[in-house]
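Examining the three-dimensional arrangement
The lines below spell out each chain.
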Amino acid sequence: MEVQNEHLRSSQTQYEQSEGYYADLFNNAPVGHLTLTENELISEANKAATELFGIERHDLLSRRFASLVVAEDADRWYLLFAQLIKYNQAVDIELMLKHGQGRYFPVQLNCLSINAKVRISITDLSNIRQAETVLRDVEETVAISTEQLHPLKNQIDLLHTLQKITSLVPGMVYKFRLRPDGSAHFPFASEGIRELFQLSPDDVRDDASQLFALIHPDDFDGVVASIQKAVQDLAPWSHEFRMKFYDGTIRWVSGSSLPEQEKDGSKLWYWYGFMFDITDRKHREHELRESEFLWKFAVEGSGDGVWDWNVQTNQAIYSRIWKEMLGYSEDDLLPTYHEWLWRIHPDDKLSVKEALQAYLDRKTEVYAVEFRLRCKDDSYKWILARGIVADYTEEGSPLRMIGTHTDISKRKFQEQQDKEHLNQLAHITRLGLMGEMATGIAHEVNQPLTATVNYATALNLLASLDEPDLEKITKIASLVSEQALRAGKIIHRMKSFCQNQNTSSTSTDINTLINDCILLCNSDLKKHNITLNLELAEALPMLFVDVIKIEQVLINLIRNSTEALAGNDNPIKTVTLSSLMLDENQLQIQVRDNGSAVEQAIQEKLFIPFFTTKIEGMGMGLSICRSLIAAHKGTLTFDSLSGLGTCFYITLPIK
Ligand code: ADP
């Protein structure tokens, strides 16, 4: 009020200075202004004042102001007016005035008297009073005992915070009450709410049925049930629903409110809250769902199943095809992550979990893993799972992962068949290789056996002496066992090399493997007067390989080198075996000879099955060697230069 007085005072000063300016200000001010003479007659009235009273300007002029004041307030007014004239002062007063139509309305008057004239500005308090009255009008509201107040204290604190927030977002606040007879009304609904629902204040104040009639029929029961529950539990209410307007438009709204007790001690409650139009957000959500649907549709079109996993809650959604892949129907299976987890083959569980964790911990860039998954009929299917994190929590940890399942059983079956086929081929060619080397190996075994016989004869002699030299005997006996062991080792290697049993990968030291191969190739090399050089790097990491298969490749390469050197008149014939780290992920074995190089024209054909330049050659060796190395996810390459010889490179991954 003080602000308005200030405003009036400054207007007054300006009036002294500029009559015209004041007249303009006076006439167009949004607040009603009157000027009274010292006889209390209205001498001036602006437009807002005539509208306020609903009385034409010429009717207002020359009336006594007291004729507009209700009888109950007349005395207070006269007293104030007398003072104003006498003391030239600024005074505020609240009165009830009479409208031209006969109704009364509350006002606040800001009065200023100067030079026997009283200027009055009038503020209509009707709306404010009305709001205050209805806010106090609680007697019909659901009665609640004060004991029930306590648990809601926090909510009330929250409500006050909300009130503060909503005061910054004007116009969306409402107050809602349910009468004991079940009817509802909105004693207070701000401008924004009225705009939102396209209703006038009177439409909803006393009877909310009009507003309820706007609720979309499909959402009506849900809204009513949620309100009833909130009222029953004295709990906060929040709900999202659609409104259907008379012109057919549909809008989504979100309402939330908290219960608060009336402050007049009546122990009664009302719900106070705010509402927003969330149509745009709902549309965006819908579009998102649509695009998600399209994405799933596209993926499923390729025959893949789709999964959607909430990493935090372990809830999971599986698509129809995901379930059908395992023999389930769309309605089967619970929407949980564990429905997937417990179906994984026990032998694959660890590797799958590790792959998933590594991806979630951002140690790997992709999540793609192959495993067996149990079907409804307890059989297993090979699945390729791929996925990405689609959403992160505010803290940055994975929230949601989406991905696909591809049935790779056919491919796995084919792979298995190829593997068996390769195994058989490898076995046949190994036998061929062994056949070619048998004479040499027999010779290699013969040597220690001959030595053993000689040592045994010597032992006999020494033992028959009168005073046997025990120290010598012990030494020779150990030489006997050494030679016997050597022969046994060669036979053992040969036996395992020729066996046709499914071998599997084991953790292997490559240098030991190379040395074992030499046992079988040695006699061949010696026979052809070939010097064997070893360049083995130290402290190599262990490799996970099928020992027999890698040995087969090495022996095959060494034998090819031997043959390339046999027809060569190079005076110093060498085969060099090297092992080295190529980089931190790969290890390489090299088999180098200085024999006749591979002619340029045939270099491309070397790995083609049945390609050979030898009269008795089969031409299968290198093609099988390449397949065996490929089965280890490695590569077999070579280079060959006339005059220098040929070098084959076996490159194997360390993991
Ligand atoms: P095969 O030894 O039965 O001929 P392979 O597949 O092992 O079959 O070898 C194919 C061909 O590659 C050989 O016939 C030979 O011409 C060539 N080759 C292989 N290794 C060497 C080598 N170290 N030096 C020169 N030529 C080689």
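Bear in mind that the values here come from a model prediction, so they are computed numbers and not experimental data.

Scanning the model with the defined rule gives 27 salt bridges in all. In this structure, Glu 324 engages Arg 320 in a salt bridge whose closest nitrogen and oxygen atoms are separated by 3.1 Å. Pair noted here: Glu 324 and Arg 320 are both in helix H13 (residues 320-325), with a separation of 4 residues, about one helical turn. A relative accessible area of 42% places Glu 324 in the partly exposed class. On the accessibility criterion, Arg 320 (36% relative accessible area) is partly exposed.

Turning to the layout of surface pockets, a few remarks are in order. Of the volumes computed, that of the largest pocket is approximately 1,100 Å³. Within the residue set of the lining of the largest pocket, elements represented by two or more residues are helix H16 (409-464), strand S18 (543-545) and helix H20 (621-631). With 7 residues, the single largest contributor to the lining of the largest pocket is H16. Classifying every residue of the lining of the largest pocket by side-chain character gives 8 nonpolar, 6 polar and 9 charged. Put simply, the second largest pocket is a space of about 930 Å³.

As a further point, take the site of the ligand. Near the ligand, the surroundings consist of 19 residues, among which Thr 612, Thr 613, Lys 614, Gly 619 and Leu 622 are the closest. Between Gly 619 and the ligand, the recorded distance is 2.9 Å, taken from a backbone N or O atom to an oxygen atom. In this structure, Gly 621 approaches the ligand through a main-chain N or O atom, which is 3.5 Å from an oxygen atom. For the ligand, whose accessible area on its own is 540 Å², the fraction buried by protein is 92%. Taken atom by atom, the bulk of the ligand overlaps the second largest pocket. Elements with a contribution of two residues or more to the shell around the ligand: helix H19 (547-566), H20 and strand S22 (645-653). In terms of residues, the shell around the ligand owes the most to one element, H19, which gives 4 residues. Residue composition of the shell around the ligand, grouped by class: 7 nonpolar, 10 polar and 2 charged.

As enumerated under the stated definition, the model contains 4 cavities of 30 Å³ or more in all. The calculated volume of the largest cavity comes to roughly 140 Å³. Of all the secondary-structure elements, those providing two or more residues to the lining of the largest cavity are strand S6 (173-178), helix H10 (209-213), helix H11 (217-233), strand S8 (237-244) and strand S10 (269-277). For the lining of the largest cavity, the leading source of residues is H11, giving 4 residues. Residues of the lining of the largest cavity, tallied by class, amount to 14 nonpolar, 1 polar and no charged. Looking at the second largest cavity, the residues that line it are Trp 307, Trp 309, Ala 316, Tyr 318, Tyr 337, Trp 340, Leu 356, Tyr 367, Ala 385, Met 401 and His 405. Every element with two or more residues in the lining of the second largest cavity is listed here: strand S11 (305-310), strand S12 (316-318) and strand S15 (398-407). Classifying every residue of the lining of the second largest cavity by side-chain character gives 10 nonpolar, 1 polar and no charged.

Procedures and definitions
For every chain, the first residue of its written sequence is number 1, and the numbers climb from 1 along that sequence. It should be noted that, the model being predicted, local features are given only for residues of pLDDT at least 70 and side-chain atom pairs only at 80 or more, the latter also being counted only at that level, while totals for whole chains, interfaces and linings use all residues. Values reported for side chains reflect all heavy atoms of the structure, with hydrogen atoms and water molecules removed beforehand. Just to be clear on terms, a salt bridge is a Lys or Arg side-chain nitrogen sitting within 4 Å of an Asp or Glu carboxyl oxygen. In this text, helices come from DSSP runs of H or I with a minimum length of four residues, and strands from runs of E with a minimum of two, each type numbered from the N-terminal end. When accessible area is computed with a 1.4 Å probe and restricted to protein chains, residues below 20% of their type maximum are described as buried, those above 50% as exposed, and intermediate ones as partly exposed. A pocket here means an open set of points on a 1 Å grid, computed over the protein atoms alone, that has protein on both sides within 12 Å along at least five of seven lines. A cavity is instead a set of points where a 1.4 Å probe fits but cannot get out; residues with an atom within 4 Å of a point line either one. Grid points are joined across faces, edges and corners, and a volume is the space filled by probe spheres set on the points. Residues are grouped as follows: Ala, Val, Leu, Ile, Met, Phe, Trp, Tyr, Cys and Pro are nonpolar; Asp, Glu, Lys and Arg are charged; every other residue, Gly included, is polar. If even one non-hydrogen atom of a residue comes within 4 Å of a molecule or strand, that residue is called near it. Polar contact criterion, stated in full: a pair of N or O atoms within 3.5 Å, where within protein one must be able to donate a hydrogen and the other to accept it, and residues adjacent in sequence count only if both atoms are side-chain atoms. Accessible areas in this description were obtained via Shrake-Rupley with a 1.4 Å probe; residue shielding takes into account the shown protein chains only. Here the criterion for a molecule occupying a pocket or cavity is that more than half of its atoms lie within 2 Å of the pocket grid points.

Nothing here speaks to function; it is all geometry.
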